[in-house]
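Working through the structure, step by step
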Amino acid sequence: MVSRWTITVVPDARAEIYKVPRGKAADVTDAISALGKDPKPEGSEEIEEEPNIYKIQVGEYTIEYELIEQDKEVKILVVR
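**Re the overall build of the protein chain**
- Counting its secondary structure elements, the protein chain contains two helices and five strands.
- Listing each helix as α and each strand as β along the protein chain from the N terminus yields β-α-α-β-β-β-β.
- Over its C-alpha trace the protein chain gives a radius of gyration of 12 Å, about what one expects of a compact globule, namely 12 Å for 80 residues.
- By its C-alpha atoms, the protein chain is 35 × 35 × 25 Å across when sized along the principal axes.
- A sequence separation of at least 24 residues applies to 52% of the contacts in the protein chain between residues at least 6 apart.
- Summing over all exposed atoms, the protein chain offers an accessible surface of approximately 5,300 Å²; the carbon and sulfur share of this is 48%.
- Charge-centre separation for the protein chain: the mean point of 11 positive side chains lies 7 Å from the mean point of 17 negative side chains.

Below is the structure:
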């Protein structure tokens, strides 16, 4: 059985998601949803200066997120 992670989105990131054009928004939201199944997908990178902060690239957009292992939470911090 695949363990699910809870996804939360900070308010600033949520506002950034709303600014993504419709044609690309589905790709961004699909990638965020997929983090609930696999929070370290192929191509994800840990940000060196920030422990437990990762980023993924979705087309021209970068999604930065924090992994909170003890709570099995993926917290979306930035979408740009």
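**Looking at the packing of aromatic side chains**
- Using the criterion set out here, one finds one aromatic pair in the structure.
- Relative to Y65, the ring of Y54 lies with its centre 6.0 Å away and its plane at 20 degrees, an arrangement referred to as stacked. Placement of the pair is Y54 in strand β3 (residues 53-58) and Y65 in strand β4 (residues 61-68), with a sequence separation of 11 residues. Across the pair, Y65 and Y54 agree in class, each one buried.

**A few points about the sheet that holds strand β1 (residues 6-9)**
- Taken in spatial order, the five strands make up an open sheet running β1-β5-β4-β3-β2, and their pairing is mixed. In this open sheet, the two strands that pair with only one neighbour each are β1 and β2 (45-46).
- Bridge count between β1 and strand β5 (residues 73-79): four bridges; the pairing is parallel. Each bridged residue has a counterpart across the sheet, and for V9 the counterpart in β5 is I76.
- Its contacts with the sheet put helix α1 (residues 11-19) on β1 and β5, and the angle it makes with β5 is roughly 60 degrees.

Cut-offs used in this document
- Every chain's residues receive numbers from 1 upward, in the order its sequence appears when written.
- Where local features are concerned, this predicted model is filtered to residues with pLDDT of at least 70; where side-chain atom pairs are given and counted, the filter is 80 or more; whole-chain, interface and lining totals use all residues.
- The side-chain quantities take in all heavy atoms of the structure and omit both hydrogens and water.
- Each helix is a run of H or I in the DSSP string that is no shorter than four residues. Each strand is a run of E no shorter than two, and both are numbered from the N terminus.
- Within these notes, the globule rule equals 2.2 Å times the number of residues to the 0.38 power, and the radius of gyration is based on C-alpha atoms.
- Every residue pair with non-hydrogen atoms within 4.5 Å of one another is taken to be in contact.
- Computed with a 1.4 Å probe, the accessible areas rest on the Shrake-Rupley method; for each residue, only the protein chains presented here act as cover.
- In this tally, Lys and Arg are treated as positive and Asp and Glu as negative; His is ignored, and so are the chain termini.
- Here the site of a charge means atom NZ of a Lys, CZ of an Arg, CG of an Asp or CD of a Glu.
- Stacked, edge-to-face and tilted labels apply to pairs of Phe, Tyr and Trp rings (six-membered ring for Trp) whose centres lie within 6.5 Å, assigned for plane angles under 30 degrees, over 60, and everything in between, in that order.
- Summary of the burial criterion: residues with accessible area below 20% of their type's maximum are buried, those above 50% are exposed, and those between are partly exposed, where the area comes from a 1.4 Å probe applied to protein chains only.
- We treat two strands as partners when DSSP finds at least two bridges between them.
- Axis lines are fitted through C-alpha atoms, for helices just across the contact stretch, and the angle between N-to-C directions can take any value from 0 to 180 degrees.

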